[in-house]
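One letter stands for each residue in the lines below.
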Amino acid sequence: MDQSMLPPTPVAPGTTQQFTAFTPYEPVPGEEYMSPAQIAHFQKILEDWRGELMAEVDRTVQHMQMENVNYSDPNDRASLETDMGLELRARDRERKLIRKITQALDRIKTGEYGYCESCGVEIGLRRLEARPTATLCIDCKTLEEKREKQMAQD
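Reference entry: report on the structure contained in this document. (Residues numbered from 1 in each chain as written. Predicted model: local features only at pLDDT ≥ 70, side-chain atom pairs only at ≥ 80, totals over all residues. Heavy atoms only, no water.)

A short note on the packing of aromatic side chains
- In total, this model carries two aromatic pairs according to the counting rule given.
- Relative to Y115, the ring of Y33 lies with its centre 5.3 Å away and its plane at 85°, an arrangement referred to as edge-to-face. Here Y33 is found in the segment before helix 1 (36-66), whereas its partner Y115 is found in the loop between helix 2 (74-110) and helix 3 (125-130), with 82 residues between them in sequence.
- Residue classification places Y33 among the buried positions, given a relative accessible area of 11%.
- A relative accessible area of 31% places Y115 in the partly exposed class. (Phe/Tyr/Trp six-rings, centres within 6.5 Å; stacked < 30°, edge-to-face > 60°. Helix = DSSP H or I, 4+ residues; strand = E, 2+ residues; numbered from the N terminus. Buried < 20%, exposed > 50% of the residue type's maximum accessible area, 1.4 Å probe, protein only.)

And the structure:
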């Protein structure tokens, strides 16, 4: 079955998911990095992912409006407030992810998408498919994570 027809991988409620409903890009031999076909592939991934996240935001708003119930039992009220708190935290993470997706789409428009913002080398097709919002190549990201780890230990 064509992977592009599969629904996104299900995840637990309240968690942010990585968009996976796409067919991996297979470059043509000799194809230039970030060719128009590759750009279109990643633009579609990012736009579909953003659309899915926005739909989840809309569902949350509708759910919160429908759940506007005043329970008389303190345990029921506490449970509802806890659930809503978790839901809002998840939506906040998704809001930040939507911002990163929008920034990635802006980099596509400026021709900067797919290149490391630190050293300028190609990030790579498979890394971008794994994390379409990536702005660093694997070497720069590894170095950044080592620095962060060292700073946390100091």
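So much for the structure itself; the text now carries on.
A few points about the environment of P132
- Mapped onto the elements, P132 comes out in the loop between helix 3 and helix 4 (138-153).
- Note on P132: relative accessible area 1%, which makes it buried.
- Distance from P132 to G114, taken between C-alpha atoms, is 8.9 Å for residues 18 residues apart in sequence.

Overview of the pattern of salt bridges
- Applying the stated criterion to the full structure yields ten salt bridges.
- For R59, the salt bridge is made with E56, and the minimal N-O distance between the two is 2.5 Å. Residue R59 and its partner E56 are located together in helix 1, separated by three residues, close to a single helical turn.
- The class of E56 is partly exposed, set by a relative accessible area of 23%.
- Residues K141 and E144 are paired through a salt bridge, measuring 3.1 Å at the closest nitrogen-oxygen approach. Highlighted residues: K141 and E144, both in helix 4, separated by three residues, approximately one helical turn.
- Judged by its relative accessible area of 26%, K141 falls in the partly exposed class.
- Put simply, E56, R59, E87, R91 and E94 are held in one network by salt bridges that share partners. (Salt bridge = Lys/Arg side-chain N within 4 Å of Asp/Glu carboxyl O.)

What about the nonpolar core?
- Core analysis: the largest hydrophobic core is formed by 25 residues, its most contacted members being M34, F42, L46, I101, Y113 and L128.
- Those residues in contact with M34, other than ones at most four positions away along the chain, are I39, F42, Y113, G114, Y115, L125 and L128. (Core = buried A, V, L, I, M, F, W, Y, C linked by side-chain atoms within 4.5 Å. Contact = heavy atoms within 4.5 Å.)

Quick notes on the environment of I98
- On the secondary structure map, I98 appears in helix 2.
- Judged by relative accessible area, I98 falls into the buried class, the value being 12%.
- Along the backbone, I98 and M54 are 44 residues apart, and their C-alpha atoms lie at a distance of 8.0 Å.
- Ignoring anything within four residues of it in the chain, the contact list for I98 reads R50, L53, M54 and V57.

A short note on the side chain of Q38
- Positionally, Q38 belongs in helix 1.
- Classification of Q38 by relative accessible area gives buried; the value is 1%.
- Aside from chain neighbours lying at most four places away, what touches Q38 is Y25, P27, E31, E32, Y33 and L125.

Points about unusual backbone geometry
- Look at M34: it is not a glycine, yet its phi comes out positive at around 60°.
- Within the secondary structure, M34 is located in the segment before helix 1.

Examining helix 1
- For helix 1, spanning 31 residues, the distance from its first C-alpha to its last is 45 Å, which sits close to the expected 45 Å at 1.5 Å a residue.
- Inspection of helix 1 places Q38, I39, H41, F42, I45, L46, W49, L53 and T60 among the buried residues, and these make up the whole buried set.
- Looking at the packing, one finds that the buried side of helix 1 touches helix 2 and helix 3. (Expected span 1.5 Å × (residues − 1).)

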